[in-house]
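# Commentary on secondary and tertiary structure
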Amino acid sequence: MVREIENTAGIPVVQIATIVPIMLTVGANRIVPGVAIPHPVGDPSRGEEGDKAVRRELLERALRAIQTPIEEQTIFTS
Amino acid sequence: MAKRVVCYINQFFAGLGGEEQAHVPPSSRPGVAGPAMQIQSLLGEEAVVVGTVICGDSYYGEHLEEAREQCVRMIAGFKPDLLVAGPAFNAGRYGVACGDICASVTGSLCIPSLTGMYRENPGVELYSPKTYIVKTADSARGMKDALAAMSSLAVKILRDIPLGAAMDEGYFPRGIRKNFFHKTNGAKRAVDMLLKKIAGEQFITEYEMPVFKKITPAAPVKDLSKATIALVSSGGIVPKGNPDHIRVSSAESYGVYDISSLDDLTPDNFESIHGGYDRVWANDDPDTVLPLDVMREMEKEGVFGKLYDQVFTTTGTGTAVAHAERFGQEIGEKLKKDGVDAVILTST
């Protein structure tokens, strides 16, 4: 799905999920590793504020990813 | 009584000419022409090649529906028991024509069909599930072997001999699984395979993983402050009650939901229906999978231009690759039309 959206629309798609090898396999080009499988963009164990802070950090990273020129599949770890 | 076979070949192998004759429309002649002659001699008394249908490669490619309809009609007129097309080797247009006529004849006339191609011929990917495509070399230098393999498969089909695995019979897998009892159990076979792998020896998997395509990365967003960004998720977050009845696994559809008036996903408005992970956290706060709350905050702060008014969601567990690709293509078309600049896609 991620690959075909990027291919069809011609726009960058950043995928946030936890299992990086699967994202590499299916052909995601911009990859942000998530927190955990059942809550990729949040961490409820850190309370409401902490959870939101984690989400914010991941989304800011995702926004950096879509602004970054890349030549090949890239994992944005920070 | 000998069985009846019809052959399909292109203008080149029929001796009509090369590229300059590729535009010729379908024609048929009784008996053999071109490689069909050799097929007849290999089939011996097993079957009679009662007719050969010929069509220019460009004609078939450019007038797909007419060419198909005319060829099927001509082939049906010979009342065959089997259609043998090609072999097309690595010729793309010829391969597509051979695959298409085989698939059409098998599909509409319920007559078995077979053809031969090189593995990289585009006809293989398009038509291998719908007909028997024997593996051949990449050029007509491999004609002798190709015709021998095709004729031997033809005889088995004509005699109704049950076919073995695609690998053993020499044709491209058709995506069909047949159950049978193996002499050794799965655990032993798996360990044997592992030992071979560790020893660096060749082994054959019993469950091939799909091969995914790779694409060139799209150019980055130039001006984030003016960019419209869309949220997409395969994490199964849907409006409460799952109004579109998206399946909890093996989804064949996705939902499109208006979030233009929402700032936050809560257990009151959205839920997770995903059958592949523990939904406790997602149901408690769907934003942990589909991050609407923080995206809305950043939009208001002017971090980026605009959050697209709709979200696209499905469940990505056991979902067939073909369906997932279709979802992506449809979503991509819509986003392109609406001028969206980038997508954040979350998966569980």
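One structure accompanies this document, and this report is about it. Position labels on residues start from 1 in each chain and follow its written sequence. Working convention: letters from A go to chains and numbers from 1 go to ligands, in the order in which they are written. For a predicted model such as this one, the threshold for reporting local features is a pLDDT of at least 70, and the threshold for listing and counting side-chain atom pairs is 80 or more; totals across whole chains, interfaces and linings nevertheless cover every residue. Only hydrogens and water are set aside; all other atoms, that is, all heavy atoms of the structure, feed into the side-chain values.

### A few points about the interface of chain A and chain B
Residue contacts follow a heavy-atom distance rule, with two residues in contact if any of their heavy atoms lie within 4.5 Å. On the side of chain B, 53 residues touch chain A, which itself brings 47 residues to the contact. Here chain A and chain B share an interface that buries about 4,200 Å² over both sides, 68% of which is from carbon and sulfur atoms. Put simply, buried area is the surface a 1.4 Å probe can reach on two separate parts but cannot reach once they are joined, added for both. If you sort the residues of chain A by the area they bury against chain B, M1(A), R3(A) and R56(A) come out on top, with a joint share of 17%. We define a salt bridge as a contact between a side-chain nitrogen of Lys or Arg and a carboxyl oxygen of Asp or Glu at a distance within 4 Å. One can count 5 salt bridges joining chain A with chain B. Ionic pairing is found between E325(B) and R3(A), a salt bridge with its closest N-O pair at 3.2 Å. Residues adjacent in sequence count toward polar contacts only when both atoms are side-chain atoms; beyond that, a polar contact is any pair of N or O atoms within 3.5 Å, and within protein one must be able to donate a hydrogen and the other to accept it. At the surface where chain A touches chain B, the tally comes to 17 residue pairs in polar contact (both at pLDDT 80 or more). Note on conventions: DSSP H or I runs of at least 4 residues are helices, E runs of at least 2 residues are strands, and numbering of each starts at the N terminus. Among the secondary structure elements, those contributing two or more residues to the side of chain A that touches chain B are α1 (2-9), β1 (13-17), α2 (20-26) and α3 (47-66) of chain A. Here the side of chain A that touches chain B takes 9 residues from α3(A), the largest share from any one element. Classes in brief: Ala, Val, Leu, Ile, Met, Phe, Trp, Tyr, Cys and Pro nonpolar; Asp, Glu, Lys and Arg charged; the others, Gly included, polar. Taken together, the residues that form the side of chain A that touches chain B break down as 23 nonpolar, 13 polar and 11 charged. Paired strands are those between which DSSP finds at least two bridges. Two elements, β1(A) and strand β12 (residues 342-346) of chain B, share 4 bridges in a ladder whose sense is parallel. Following the sheet pairing, V14(A) is matched in β12(B) by I344(B).

### A look at the side chain of T348(B)
The topology assignment puts T348(B) in the segment after β12. There is a polar contact of 3.4 Å between the side chain of T348(B) and the side chain of H274(B). Dropping the residues within four chain positions of it, T348(B) is found in contact with I37(A), P40(A), S234(B), G235(B), H274(B), Y277(B) and V289(B).

### Description of the pairing of strand β11 (residues 306-313) of chain B
Looking down a regular strand, the side chains alternate between one sheet face and the other. Residue and element names in this part refer to chain B. As paired strands, strand β7 (residues 228-233) and β11 are joined by 5 bridges and run parallel to one another. In the strand pairing of β11, S233 is matched with T313. Where strand β9 (residues 255-258) lies against β11, 4 bridges are found, and the strand directions are antiparallel. Looking across to β11, one finds that V256 is bridged to F312.

### Considerations on α1(A)
Residues and elements named next belong to chain A. Among the 8 residues in α1, 7 count as buried, and that is most of the element. Relative accessibility decides the category of a residue: with a 1.4 Å probe and only protein chains considered, values under 20% of the type maximum give buried, values over 50% give exposed, and everything between is partly exposed. Burial in α1 covers these residues: V2, R3, E4, I5, E6, T8 and A9. Immediately downstream of α1, the backbone of G10 shows phi near 70°, a positive value.

### Some details on unusual backbone geometry
Working note: non-glycine residues mostly have negative phi, and peptide bonds are mostly trans. Residue and element names in this part refer to chain B. Residue G86 is joined to P87 through a cis peptide bond whose omega torsion reads 5°. Residue placement: P87 occurs in strand β4 (residues 82-89). A positive phi is found at C110, a non-glycine position, where the angle reads about 55°. Its place among the elements puts C110 in the loop between α4 (92-109) and β5 (113-117). What makes C110 exposed here is its relative accessible area of 66%.

### Looking at the sheet that holds β7(B)
Reading across from one edge, β3(A)-β2(A)-β1(A)-β12(B)-β7(B)-β11(B)-β9(B) is the order of the 7 strands in this open sheet, with mixed pairing throughout. Edge positions in the sheet fall to β3 (74-75) of chain A together with β9 of chain B, since each of these pairs with one other strand and no more. Of the strands in this sheet, β7, β11 and β12 of chain B touch helix α10 (residues 292-301) of chain B, which is tilted by about 165° from β11(B). Only the stretch in contact is used when a helix axis is fitted, and all axes are lines through C-alpha atoms; the angle between N-to-C directions ranges over 0 to 180 degrees.

By themselves these figures say nothing about function.
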